[in-house]
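# Results of the structural survey
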Amino acid sequence: MNNHSSNRLAACISPYLQQHASNPVHWQPWDELALAEARRRDVPILLSIGYASCHWCHVMEHESFADLKTAALMNEHFVCVKVDREERPDLDKTYQAAHYLLSRKTGGWPLTVFLDETLIPFFTGTYFPPVPRGGLMALSSVLGRVHKVWCEHREEIKQQRKMIWDALRNIDEPATDRPQLSLQNVKNAVAGVQKAFDLDHGGLGQAPKFPQSPHLGFALQMTAAGHTELEKGLRKTLDAMAIGGLHDHVGGGFYRYCVDPIWDIPHFEKMLYDNAQLLEIYARGASLWQSSAYGYIARRTAKWMLADLQLNDGGFASGVDADSEGQEGKFYVWSSKQLEHELNEKQLTELRNHTNYSGAPNFEGEYHLHQPPDSDWASPSAQVQEIWRKLRDIRSMRPKPMLDDKALIISCALAAQALTIAGRYLNEPDWIAQARRSLNFVEHHMKPEKHYRTAWNKGSCSDAPAFLDDLVSLLSARINLLQSDCRAEDLNHATKLADLIIAEYDDGKGGLLFVPKEADIGVRKIRSCDDGPLPSGNGMAAGCLLTLGWLLGRTDYLEVGDRIIGGFSNLLATSPFHSPVLVASFAAWLNPTPIVILSGESEKISNWHEQLLPHTHAGQIILPLYDLTNLPSSIVKPKPSGACTIWAHLCRGNTCSVPIVEIKELISELRSNNLKIQN
């Protein structure tokens, strides 16, 4: 019997939790009421973590959580708690780490964790099928075994508890015996990325193939700084992702990852944070290599984000499901019969000449369309573009995958940063305006009672406070807006965010905390610099605080930036590959980021700004001062003597050059800085 009154998820703002509101499982959100019930009943917590666009999360729900017998076992022996990993990344980070400690296997979603009364896990897994399959135990068997262990081996659970507790705590301890760091550590990170590139098929590592955007962004920056050994692997990867099945050739945007080594078949969910980072990378690549091909991909990605994910007030939904009508990829794939019905013979011939439709079906008897390397993918003919348009119109009539319409601070901020950068490099000023709308959305909707909240949906905010990565992403986006139009309002937002980050997340030990230091941290005080699909907050924070510190003469910002790098010095010395964003910030610390301040007549500033943009991919910052109103004296530079109508100051660290009035001289100075980074 399905007791709906016991399922508390219907009132949650997360679409993922709402998806489980009608399950016969007595799901509860992670809150004190659920945790207290577990203590009162003296039963374990069965914690299930996933997200709305996750295909295997849907599979496990349909197979097991909607099954009355399985639900009865879960309800009888456990307090069952559902968590959206995007709403509570702190819990996800904690229990993914615990899963690795217990199993020595990487985790994923859905994550299945059994917790004792202290919230320490004693058994973990990911997806479990309803019957034994592929070496995996059936969920019902897992439930029975865990219940038996709980009843008969409590002492062993207690003994294991301390080991897991200590291990989780040790993960986050800042470095005490700090090694001496140098440019060699940056070179080691470069060498690690170079070695990881698959030069045959593109990507980093082997299947499954994820974009790994923080690593690609680092590779692009280091390539621009003179490490040309990275260029071959980077461009192979960008080409392979654009041509292959990771890219939605019909509608635009990128899927989450591909399951094979050749970028053929994806898992079909689309995430805003992936697309935002890839938009930035392709736009930068278009500028760095003067590539119309990468510009084409960037424009398609931005157009898809704005059309399919932008919310009414300017924020962005966090993702699109992989499934529709109960099947993964059904919205996106085509049968031969469908294509022959919808296209005429000339169009079918064109499709065979330019896509994998010339070969055998590649997805369960149907076609996931993409373009072979020898096609003219970067400059599709009018006929090919017409085919994509027609297929897009036909596809739009199909039942659509679910939109995860909750807004996340980090995703909205990454989207704003990407639109700002892409708008600058590809001369799309409206994208910069949309970036500002996204940041204003966060300020107006996701900051109730002066405190940021990590998620928002349909007028309501999550109870979860903003995490470090949320606020640092906002800070980074504001600093990037300054590089399009240096406005006092953006600078004020940036300094307020920097002050808030230091006040709430810096405990002075080295490396910022992921959760506010006054918050209830649970079992783990997270302090991390590893980059995953998202850039780490500490990696971004170090670079942002150094930049603001140099720009404004704020030694407190510089001290915290320095302390972040020092706190992770052991990791930078031993495994820099895992933290490319922090490595890039450390490179800027070694050789202070060049900041060019442009002053003078607006038309001349625009002209110089446009000429300088192709020379800024190694981390250089250009601040065009169109309006001096309320800008601090540290930024507003005096006009040189003479009749010049434009002048620039090139600042590094706490030192600024004499005014430069020739664009060629300024470009030469920026190029020489690139050589310093790679020497």
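A brief report on the enclosed structure follows. Everything quoted here is computed from the prediction, not taken from an experiment. (Residues numbered from 1 in each chain as written. Predicted model: local features only at pLDDT ≥ 70, side-chain atom pairs only at ≥ 80, totals over all residues. Heavy atoms only, no water.)

## As for the packing of helix 18 (residues 468-482) against helix 20 (residues 537-552)
- Running from amino to carboxyl end, helix 18 crosses helix 20 at an angle of 40°, the nearest separation of the two axes being 9 Å. Viewed along their axes, helix 18 and helix 20 adopt a mutual orientation that is oblique. Judged by the twist between their axes, the crossing of helix 18 over helix 20 is left-handed. Of the residues in helix 20, those in contact with L468, D469, V472, S473, L475, S476 and I479 of helix 18 are G537, N538, M540, A541, C544, T547 and L548.
- Residues belonging to the contact of helix 18 with helix 20 are distributed by class as follows: 8 nonpolar, 5 polar and 1 charged. (Axes fitted to C-alpha atoms, helices over the stretch in contact; angles between N-to-C directions. Helix = DSSP H or I, 4+ residues; strand = E, 2+ residues; numbered from the N terminus. Parallel < 35°, antiparallel > 145°, perpendicular 65-115°, else oblique. Left-handed = near helix turned anticlockwise from the far one by under 90°. Contact = heavy atoms within 4.5 Å. Nonpolar A, V, L, I, M, F, W, Y, C, P; charged D, E, K, R; others polar.)

## Looking at the state of the cysteines
- The tally for this structure, following the rule as stated, stands at 2 disulfides.
- With a sulfur-sulfur separation of 2.5 Å, C54 is cross-linked through a disulfide to C57. With the S-S bond torsion at 80°, the cross-link from C54 to C57 turns out right-handed.
- For C57, a relative accessible area of 2% puts it in the buried group. (Disulfide = S-S within 2.5 Å. Buried < 20%, exposed > 50% of the residue type's maximum accessible area, 1.4 Å probe, protein only.)

## Concerning the packing of aromatic side chains
- Inspection of every chain in the model, using the stated rule, returns 20 aromatic pairs.
- Relative to F268, the ring of Y255 lies with its centre 5.2 Å away and its plane at 75°, an arrangement referred to as edge-to-face. Separated by 13 residues along the polypeptide, Y255 in the loop between helix 10 (231-243) and strand 6 (257-258) and F268 in the loop between strand 7 (266-267) and strand 8 (270-271) bring together distant segments of the chain.
- Grouping aromatic residues by their ring pairs yields a cluster made of Y255, F268, F331, Y332 and F363.
- Above the ring of W150, the side-chain terminus of R154 is found at 3.7 Å from the ring centroid. (Phe/Tyr/Trp six-rings, centres within 6.5 Å; stacked < 30°, edge-to-face > 60°. Lys NZ or Arg CZ within 6 Å of the ring centre and 35° of its normal.)

## Considering the nonpolar core
- In this structure, L238, M241, Y282, L474, L475, L548 and I564 are the most contacted members of the largest nonpolar core, which totals 168 residues.
- Those residues in contact with M241 that lie beyond four places of it in its chain are P211, L216, L246, H247, F254, W263, L278 and Y282.
- Core analysis: the second largest hydrophobic core is formed by 23 residues, W30, I49, L91 and A97 among them. (Core = buried A, V, L, I, M, F, W, Y, C linked by side-chain atoms within 4.5 Å.)

So, to be careful, I would describe these as geometric facts and stop short of saying anything about function.
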